[in-house]
Amino acid sequence: MASFPLSNTVVVPPSCCSNVSPGVDRAAVRFFASASSGFVASSGFDLGKPVSHGGRLCCLRPVCGLAESLDFHNGTSRAPFLNHRMLPDLFVSKTTEELVRKNDTKLRIFSGTANPLLAQEIACYLGLELGKIKIKRFADGEIYVQLQESVRGCDVFLVQPTCPPANENLMELLIMIDACRRASAKNITAVIPYFGYARADRKTQGRESIAAKLVANLLTEAGANRVLACDLHSGQSIGYFDIPVDHVYGQPVILDYLASKNIPSNDLVVVSPDVGGVARARAFAKKLSDAPLAIVDKRRHGHNVAEVMNLIGDVQGKVAIMVDDMIDTAGTIVKGAALLHQEGAREVYACSTHAVLSPPAIERLSSGLFQEVIVTNTIPLMEKNYFPQLTVLSVANLLGETIWRVHDDCSVSSIFQ
């Protein structure tokens, strides 16, 4: 793992807390993970602070009014540069100190309209302000983008998942890349927490398109120099790009949260909801106390339609952890959970990096089959989509640390070792 100290403490830069009463020592304002939130960092640095638990916003989200200061123009959100007076030595790495000491103005973070809250959290982790950008749509639906500050010679990172509406958000990202290229940015990195069209990565029938390759070409031709993606549907998608791709995983975030639940290792079994996810589930099981593995065999008769056939492995009396990269309509994972209960599983947890949650996913997931549904905030969730079993973890620290290392020419893979 990365050589970052361990702690279950979440520290928020004090001067970003606009609602602190006058006279209160802002340097002393910190937010801690309470025992009731059930989070203890067990490996790596603090990647997994819960953003939401039990369908409600959790105490770990800083009460600093960041959400209210955001709009699609990314205008005036204020997050200070981190320094040794704001953070205890426990949280300050040598890399952080060196970058802050240089007062580096060549690193710029811009957000599209797809997930501005995640972009703000990333900027807050890096101790930067979000770059000023104007994004609007004309009456006919065309997208207009204008950078409202200079990026000449800068290392620019554009945070924009291509989540629903996928085409709108993808086109917006392409126009943002073009704007940065024409503004003479030195390097342009497309930070895509959720990469849309990743499932269209091969031909399964005649006369089908491979949309993942097409999107890779579009990003390259628009002017991106690098792509930072989180949990691609399949690793082979990296080969579609003619530019460097940094592929990071949401596993450490979810693993740290599961470790806090103190489930006996002898009771655990990791379940892959289909044969295609066996490699992902095996890697997850290895890091989760080398838990045994089970596989749900399914036969898909059409897009977004799945039929479970049988189970490979033993789940009798065990706590089953179902692992997948995304939950879309939840048909696969719900039918798998029903099968696990039939086979004698004591509890079933669903873990996924990307919560697409297309209808009728909410109804299926909240039906009582799952003890808990654990996802991350790579895709923003509307308040109406929260339900009691849902827990949302933040990947902001993971992406922020990766951005820092890319900018500083440091190893990214060492984060996951």
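Residue positions within a chain follow its written sequence, with the count starting from 1. For this predicted model, a pLDDT threshold of at least 70 governs which residues receive local features, and a threshold of 80 or more governs which side-chain atom pairs are given and counted, while totals over whole chains, interfaces and linings are taken from all residues. Based on all heavy atoms of the structure, the side-chain values leave hydrogens and waters out of the count.

The sheet built from 5 strands is open, its strands ordered E5-E8-E9-E10-E11 with parallel pairing. Two strands bound the open sheet, and with one partner strand each, they are strand E5 (107–111) and strand E11 (245–248). Sheet twist, expressed as the average angle between the axes of neighbouring strands with direction ignored, equals 20°. Any two strands with at least two DSSP bridges between them are considered paired. We count a stretch as a helix when DSSP gives it H or I for four or more residues in a row; a strand needs E for two or more, and each element gets its number in order from the N terminus. In this sheet, strand E9 (residues 187–192) lies alongside strand E8 (residues 155–159) in parallel orientation, the contact comprising 5 bridges. Paired with Phe157 across the two strands is Thr189, which belongs to E9. Axis angles are defined between N-to-C directions and span 0 to 180 degrees, where every axis is a line fitted to C-alpha atoms and, for a helix, only to the segment in contact.

Think of a salt bridge as a Lys or Arg side-chain nitrogen and an Asp or Glu carboxyl oxygen that are within 4 Å of each other. Counted under the stated rule, the structure contains 13 salt bridges. For Arg137, the salt bridge identified is with Glu172, shortest N-O distance 2.8 Å. With a gap of 35 residues between them, Arg137 in strand E6 (residues 133–137) and Glu172 in helix H3 (residues 166–182) connect regions that are remote in the sequence. On the basis of relative accessibility, which here comes to 35%, the residue Arg137 falls in the partly exposed class. Lys261 is paired through a salt bridge with Glu372; the nearest N and O atoms lie 3.1 Å apart. The cut-offs for exposure are 20% and 50% of the maximum accessible area for each residue type, with area from a 1.4 Å probe on protein chains only; residues under the lower value are buried, those over the upper are exposed, and the others partly exposed.

So, about the pairing of E8. Most of E8 is tucked away: 5 of the 5 residues are buried. Judged by which residues are buried, E8 turns out to be covered on both faces: Asp155, Phe157 and Val159 on one side and Val156 and Leu158 on the other are all buried. Looking at chain direction, E5 and E8 are connected through 5 bridges and run parallel. Residue pairing in the sheet places Ser111 in a bridge with Val159 of E8. Seen with its strands pointing away from the viewer, a crossover is right-handed when the path leading from the first strand over the helix to the second is clockwise. Where the polypeptide runs from E8 across H3 and back to E9, its parallel neighbour, the crossover connection is right-handed.

Expected helix span is computed as 1.5 Å times (number of residues minus one). Counted at 1.5 Å a residue, the expected span for helix H7 (residues 331–342) with its 12 residues is 16 Å, and the 17 Å between its end C-alpha atoms agrees. For H7, the full list of buried residues reads Gly331, Thr332, Ile333, Val334, Gly336, Ala337, Leu339 and Leu340. Positive backbone phi, approximately 100°, marks Gly344, located one or two places after H7.

This brings us to the nonpolar core. Among buried residues, the Ala, Val, Leu, Ile, Met, Phe, Trp, Tyr and Cys ones that are joined through side-chain atoms within 4.5 Å form a nonpolar core. Ile109, Phe284, Ile321 and Ile403 are the most contacted members of the largest nonpolar core, which totals 45 residues. It is helix H9 (residues 396–407) that contributes the most residues to this core, 6 residues altogether. Beyond its immediate chain neighbours, meaning those up to four positions away, Ile321 contacts Leu258, Leu268, Val269, Val270, Val271, Phe284, Leu288, Tyr349 and Cys351. Membership of the second largest hydrophobic core comes to 36 residues, among which are Cys180, Ala222, Val227 and Tyr240. Contact definition: two residues touch when any of their heavy atoms are within 4.5 Å.

Turning to the packing of aromatic side chains, a few remarks are in order. What describes a pair of aromatic rings is the distance from one ring centre to the other and the angle between the planes of the rings. Aromatic pairs are defined between Phe, Tyr and Trp rings, using the six-membered ring for Trp, whenever the two ring centres lie within 6.5 Å; interplanar angles under 30 degrees are classed as stacked, those over 60 as edge-to-face, and all others as tilted. This structure, assessed with the given rule, holds 3 aromatic pairs. Measuring from centroid to centroid gives 6.0 Å for Phe138 and Tyr144, while their planes differ by 70°, and the two rings are edge-to-face. Tyr144 gets classed as partly exposed once you look at its relative accessible area, which sits at 29%. Aromatic pair Tyr249 and Phe416: ring centres 5.6 Å apart, planes at 85°, arrangement edge-to-face. One end of the pair, Tyr249, is in the loop between E11 and helix H5 (251–259); the other, Phe416, is in the segment after H9, with 167 residues separating them in the sequence. The lysine or arginine in question, Lys136, covers the ring of Tyr144, its NZ or CZ lying 5.3 Å from the ring centre. Charge-over-ring contacts are defined here by two conditions on Lys NZ or Arg CZ: a distance within 6 Å of the ring centre and an angle within 35 degrees of the ring normal.

Right, let's talk about the confidence of the model for the protein for a bit. Reading fine detail from the predicted coordinates is not recommended where pLDDT is low. Mean pLDDT for the protein: 81, with 73% of residues reaching 70 or above. Note that pLDDT drops below 50 for residues 1–88; the model gives that stretch 195 contacts with residues more than four away or on any other chain. Note on scores: pLDDT gives the predictor's confidence for each residue, bounded by 0 and 100. Below a pLDDT of 50 lies the segment residues 99–103, which in the model reaches 6 contacts outside its immediate sequence neighbourhood of four places, other chains included.

Where H5 meets helix H6 (residues 278–287), the closest approach of the two axes is 11 Å, and the angle between their N-to-C directions is 45°. In terms of axis orientation, H5 runs oblique to H6. Relative to H6, the crossing made by H5 is right-handed. Of the residues in H6, those touching H5 at Gln251, Ile254, Leu255 and Leu258 are Arg280, Ala283, Phe284 and Lys287. Roughly parallel here means an angle under 35 degrees, roughly antiparallel means over 145, roughly perpendicular means 65 to 115, and every remaining angle is called oblique. Crossings are sorted by hand: turned counterclockwise from the far helix by less than a right angle, the near helix makes the crossing left-handed, and turned clockwise it makes it right-handed.

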